[in-house]
Amino acid sequence: MGIECRGEYILNRVLVEEEKQRLQTQDVYICKISAQQTSRILQFIALQGTEWESAEISVQKVPSFPPYTKEQFDEWKQLWPVAYRPLVQLKPVQLDDDERAYINENLSVVSQLQAKSDSEGNRGSAVIVGSPKAREAIVQSTDMTHTLVHPLKHAVMCCISKIADIELDKKKQGCFGDQCTNDNTNDQSEVQLVPAKRAHTPDIAGTPLVTEQISSANDIEDNAMEFTSGYLCGGLDVFSSKEPCVMCCMALVHSRIGRLFFIDPSESGGISYYSINSRKALNHNFTAFQCTLTSTQNLTP
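Rules and cut-offs
- Residues numbered from 1 in each chain as written.
- Predicted model: local features only at pLDDT ≥ 70, side-chain atom pairs only at ≥ 80, totals over all residues.
- Heavy atoms only, no water.
- UniProt positions renumbered as here; feature names shortened; annotations may be inferred.
- Core = buried A, V, L, I, M, F, W, Y, C linked by side-chain atoms within 4.5 Å.
- Buried < 20%, exposed > 50% of the residue type's maximum accessible area, 1.4 Å probe, protein only.
- Helix = DSSP H or I, 4+ residues; strand = E, 2+ residues; numbered from the N terminus.
- Contact = heavy atoms within 4.5 Å.
- pLDDT = per-residue confidence, 0-100.
- Axes fitted to C-alpha atoms, helices over the stretch in contact; angles between N-to-C directions.
- Parallel < 35°, antiparallel > 145°, perpendicular 65-115°, else oblique.
- Nonpolar A, V, L, I, M, F, W, Y, C, P; charged D, E, K, R; others polar.
- Pairing = 2+ DSSP bridges.
- Patch = residues over 30% accessible without salt bridge, like charges linked within 9 Å, V, L, I, M, F, W, Y side chains within 5 Å.
- Areas by Shrake-Rupley, 256 points an atom, 1.4 Å probe, with all protein chains shown as cover.
- Salt bridge = Lys/Arg side-chain N within 4 Å of Asp/Glu carboxyl O.

- Named according to an unreviewed UniProt entry, the chain is tRNA-specific adenosine deaminase subunit tad3 originating from Coemansia spiralis.
- Looking at the Sequence similarities (unreviewed entry) heading of the UniProt record, one finds this comment for the chain: "Belongs to the cytidine and deoxycytidylate deaminase family. ADAT3 subfamily."

**Details of the nonpolar core**
Part 1 of the reasoning: Core analysis: the largest hydrophobic core is formed by 27 residues, its most contacted members being V129, L252, L260 and I271.
Part 2 of the reasoning: Every element with two or more residues in this core is listed here: strand 5 (126-131), strand 6 (136-142), helix 4 (155-172), helix 6 (246-255) and strand 12 (259-264).
Part 3 of the reasoning: When neighbours within four sequence positions are excluded, V129 is seen to be in contact with A137, I138, V139, C159, I163, L236, D237 and V238.
Part 4 of the reasoning: L95, I103, L107 and F261 belong to the second largest nonpolar core, which has 15 residues in total.

**Digging into the confidence of the model for the chain**
Part 1 of the reasoning: This prediction gives the chain a mean pLDDT of 76; 69% of its residues lie at or above 70.
Part 2 of the reasoning: Mean pLDDT across the secondary structure elements of the chain bottoms out at strand 10 (residues 208-209), with 32, and peaks at strand 11 (residues 237-242), with 97.
Part 3 of the reasoning: Below a pLDDT of 50 lies the segment residues 183-215, which in the model reaches 105 contacts outside its immediate sequence neighbourhood of four places, other chains included.

**A closer look at the packing of helix 4 against helix 6**
Part 1 of the reasoning: Their axes nearest at 9 Å, the elements helix 4 and helix 6 cross at an angle of 25°. Considering the angle they form, helix 4 stands roughly parallel to helix 6. In this structure, helix 4 uses V156, M157 and I160 to contact helix 6, whose residues at the interface are M247, C248, A251, L252 and S255.
Part 2 of the reasoning: Here the contact of helix 4 with helix 6 is built from residues that sort into seven nonpolar, one polar and no charged.

**Overview of the pairing of strand 5**
Part 1 of the reasoning: Counting buried residues along strand 5, six of its six residues qualify, which places the element largely inside the surrounding structure.
Part 2 of the reasoning: Of the two faces of strand 5, the one carrying A126, I128 and G130 and the one carrying V127, V129 and S131 are both buried.
Part 3 of the reasoning: Judged from the six bridges that link them, strand 5 and strand 6 form a sheet pairing that is antiparallel. The residue of strand 6 that forms the bridge with I128 is Q140.
Part 4 of the reasoning: Linking strand 5 to strand 6, which pair antiparallel, is a turn of four residues; within it R135 sits at a positive phi near 55°.
Part 5 of the reasoning: Alignment of strand 5 against strand 11, held across four bridges, turns out to be antiparallel. The residue bridging V129 from the neighbouring strand is V238, located in strand 11.

**A closer look at a nonpolar patch on the surface**
Part 1 of the reasoning: Judged by side-chain polarity, Y29, I57 and V59 come together as a nonpolar surface patch covering roughly 350 Å² of accessible area.
Part 2 of the reasoning: Along the polypeptide, V59 turns up in strand 4 (residues 57-63).

**Here we look at the environment of G234**
Part 1 of the reasoning: Checked against the element boundaries, G234 lands in the loop between helix 5 (217-224) and strand 11.
Part 2 of the reasoning: The buried category is assigned to G234, whose relative accessible area is 4%.
Part 3 of the reasoning: Sequence-wise, G234 and V253 are 19 residues apart; in three dimensions their C-alpha atoms are separated by 9.6 Å.

This is the structure we're talking about:
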């Protein structure tokens, strides 16, 4: 279900990899036995030459994965008894009025940046990186591949580069994170851009999860405190006029962002098609929202 953001944008969380799984089955051998025979049958590796040789054995298809959504559970239980355990890391999205205003403002501004970039003949997207804790924008950029004649200067990459420049300036001023050793600080240097790396957490079954999904600013703030070594964009929000490409999505993974909000989806995008934000094989996951404008107001400058 989408979340309306001050009557302007509906935030639709992009389903994670587990939620999009279709029913897959595997064959298992089944044999009906009495409860009294259970302990004895475990002593045998093969049935041949034992009292079980004449037992009725059949092959049954069972789900290869546990269900993570109610829809999966309703379908898969028809095939085989399964337990329904929702993904514990997918917390309900709860936004207060200030956070709604912060999200809506950045989505509106990034849309305006995109319109201005389009009018200047540039392609690609516009991006803003913001702090959910301070609820303010930190850096912004449009696609610079044409302007700088460089194929890697996508808006996301330019923003990450600007964040790195801020960190370098802070270190030159004697600052680390939000701690400074002199009085020559500004508003940006007070934003803790490099929280530390967090440890993996186990899920219900004890299998390590790559990371937990982040839903709200409070989750991000609490999450950032679990880090122990620095990442450039740990816990920050990214607002993009278009769904980031695969390269940019991987850069966001490596930078450890908390949430991504994008307006225009792409059939071959890094989120919609490749689910880079939620792949188990990667060492970080983040929550992604596809944002739909509900107002008809003109956002062009």
